[in-house]
Amino acid sequence: MFSKSLKALSLGLALVSSAVAAQAEPVKIGSKNFTEQFIVAEIYAKALENAGIEVERRLNLGATQIAHTALTSGEIDLYPEYTGTALAAVVKGELTSDADQIYNTVKDYYEKNLQLTLLKPTAINNGYAIVMLPDRAAEFKVKTLSDVGPVSNQITFGAEGTFAERKDGLPGLKDVYGIQFKEFVQFAKLGIRYSALTSKQIDMTFGFSTDWQIDDQKLTVLPDDKNLFPPYYLVPVVRQDALKANPKIAEVLDKIAPLLTNEKMRAMNAAVERDREEPADVAEKFLEENKI
């Protein structure tokens, strides 16, 4: 009898010890390799720490496929992703302007095929923004992308990367809006577009909706009135086993979701890139202001 009780006690202690060990495992947070990702990952990390959850940071992993592979392999437990990027790069689905459809398609695919899940999306939609200097927009009499088509043969457009080949890049602008630019200037390095625009080497470029330069340089954003560009809502993507081990992750990050907006993200990006503040300090300030 005593022997059985001792065995039961030992088993109970082993289970408790196992549970404690599982709970003590830190949540590994990753990010891609640009400013916005560093800031948001730090916001997630610090918010979880404030909630009593141990965190390990594995930031600056690289581009989408590298961060995604780190997640699926278990090297990290979560990172901030964009719904449109996940649809195009991972799900390989058809792009659409329907934000809910994209979110639900990605969430369903991730849960069924990858043992990942999407938490509540933030209010950040970091999709493409076609921008001009205000005086140039006035000169060409353009207020929306529909206005650009008839005068596009007078406009020089500049961009980096794969914008010339993407369905939602130059081919899409031509198909949807009839835009055929006088000249397309492709930049070899990232980050040149805004200096080229302000120095009037080009008339128009694309940016992202949370780029701080849009507010800082008072640029004119031409509305995508025919919905060419898909939405790119920022959302935490989390391993399902990490959520099972610590369901509080969802509670904490879902609370932050509606507080992260394009306007706030532009200001935080500016604080890091223009004002040279540290992403961790900017994240801390955001959480303090929102009492998290």
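Note that the structure is a prediction, hence the values are computed from the model and not measured. (Residues numbered from 1 in each chain as written. Predicted model: local features only at pLDDT ≥ 70, side-chain atom pairs only at ≥ 80, totals over all residues. Heavy atoms only, no water.)

Undergrad: What's the story with the pattern of salt bridges in this structure? I'm lost.
TA: Where charged atoms of side chains with opposite charge meet at close range, the side chains can pair. Scanning the model with the defined rule gives 19 salt bridges in all. With its nearest N and O atoms 3.2 Å apart, the salt bridge here joins E139 to R136. With E139 and R136 both in helix α6 (residues 134-140) and three residues apart, this pair spans about one turn of that helix. Linking D216 and R274 is a salt bridge whose minimum nitrogen-to-oxygen distance equals 2.7 Å. A residue pair is termed long-range when its members are at least 10 positions apart, and D216 in helix α10 (residues 213-216) and R274 in the loop between α13 (262-273) and α14 (279-289) qualify at 58 residues. The exposure class assigned to D216 is partly exposed, which follows from its relative accessible area of 36%. Its relative accessible area of 41% is what places R274 among the partly exposed residues. (Salt bridge = Lys/Arg side-chain N within 4 Å of Asp/Glu carboxyl O. Helix = DSSP H or I, 4+ residues; strand = E, 2+ residues; numbered from the N terminus. Buried < 20%, exposed > 50% of the residue type's maximum accessible area, 1.4 Å probe, protein only.)

Undergrad: For this particular structure, what's the right way to read the pairing of strand β3 (residues 78-82)?
TA: Here is the key point about a regular strand: its side chains alternate between the two faces of the sheet. The buried count for β3 comes to five of five residues, which makes it a mostly enclosed element. In this structure, β3 lies alongside strand β10 (residues 234-239), joined through five bridges in antiparallel fashion. Paired with L78 across the bridge in β10 is V238. (Pairing = 2+ DSSP bridges.)

Undergrad: Would you mind showing me how to read the packing of helix α2 (residues 35-50) against α13 here?
TA: The description of two helices packed together rests on the angle between their axes and the distance between the axes. Where α2 contacts α13, the two axes come as close as 10 Å, and the packing angle between them is 110°. In terms of orientation, α2 lies roughly perpendicular with respect to α13. Packed against α2, whose contacting residues are T35, E36, I39, V40 and I43, the element α13 presents M265, M268, N269, V272 and E273 at the interface. The residue makeup of the contact of α2 with α13, split by class, is six nonpolar, two polar and two charged. (Axes fitted to C-alpha atoms, helices over the stretch in contact; angles between N-to-C directions. Parallel < 35°, antiparallel > 145°, perpendicular 65-115°, else oblique. Contact = heavy atoms within 4.5 Å. Nonpolar A, V, L, I, M, F, W, Y, C, P; charged D, E, K, R; others polar.)

Undergrad: Can you walk me through the nonpolar core in this structure?
TA: Side chains that are nonpolar tend, in soluble globular proteins, to be buried together. If you look at the biggest cluster of nonpolar residues, it comprises 35 residues, and the most contacted ones within it are I29, I43, L48, L78 and L253. If you list the elements that add at least two residues to this core, you get β1 (27-30), α2, β3, β10, α11 (240-245), α12 (248-256), α13 and α14. Per-element tally for this core: the top contributor is α2, with eight residues. In this structure I43 touches I256, L260, M268, A283, F286 and L287, once residues within four positions along its chain are discounted. (Core = buried A, V, L, I, M, F, W, Y, C linked by side-chain atoms within 4.5 Å.)

Undergrad: Any chance you could explain α12 here in plain terms?
TA: Each α-helix turn comprises 3.6 residues. Residues three or four places apart therefore point the same way. Taken together, the buried positions of α12 are occupied by I249, A250, V252, L253 and I256. End-on, the buried residues of α12 take up no more than an arc of 170°, which puts them together on one face. α12 presents E251 and K255 as exposed residues on the side facing more than 90 degrees away from its buried surface. Looking at the buried side of α12, the elements it contacts are β1, α2, β3, β10, α11 and α14. (Arc of directions from axis to C-beta.)

Undergrad: How should I be thinking about the sheet that holds strand β5 (residues 128-132) in this particular structure?
TA: The strands that make up a sheet are held in pairs by hydrogen bonds between backbone atoms, and each pair lies either parallel or antiparallel. Judged by pairing direction, the sheet is mixed, and its five strands sit side by side in the order β7-β6-β8-β5-β9 without closing on themselves. Whereas interior strands pair on both sides, the edge strands pair on one side only; in this sheet they are β7 (183-187) and β9 (220-222). Averaged over all neighbouring strand pairs, the angle between strand axes comes to 35°, with direction disregarded.

Function cannot be read off these values alone, since they describe shape.
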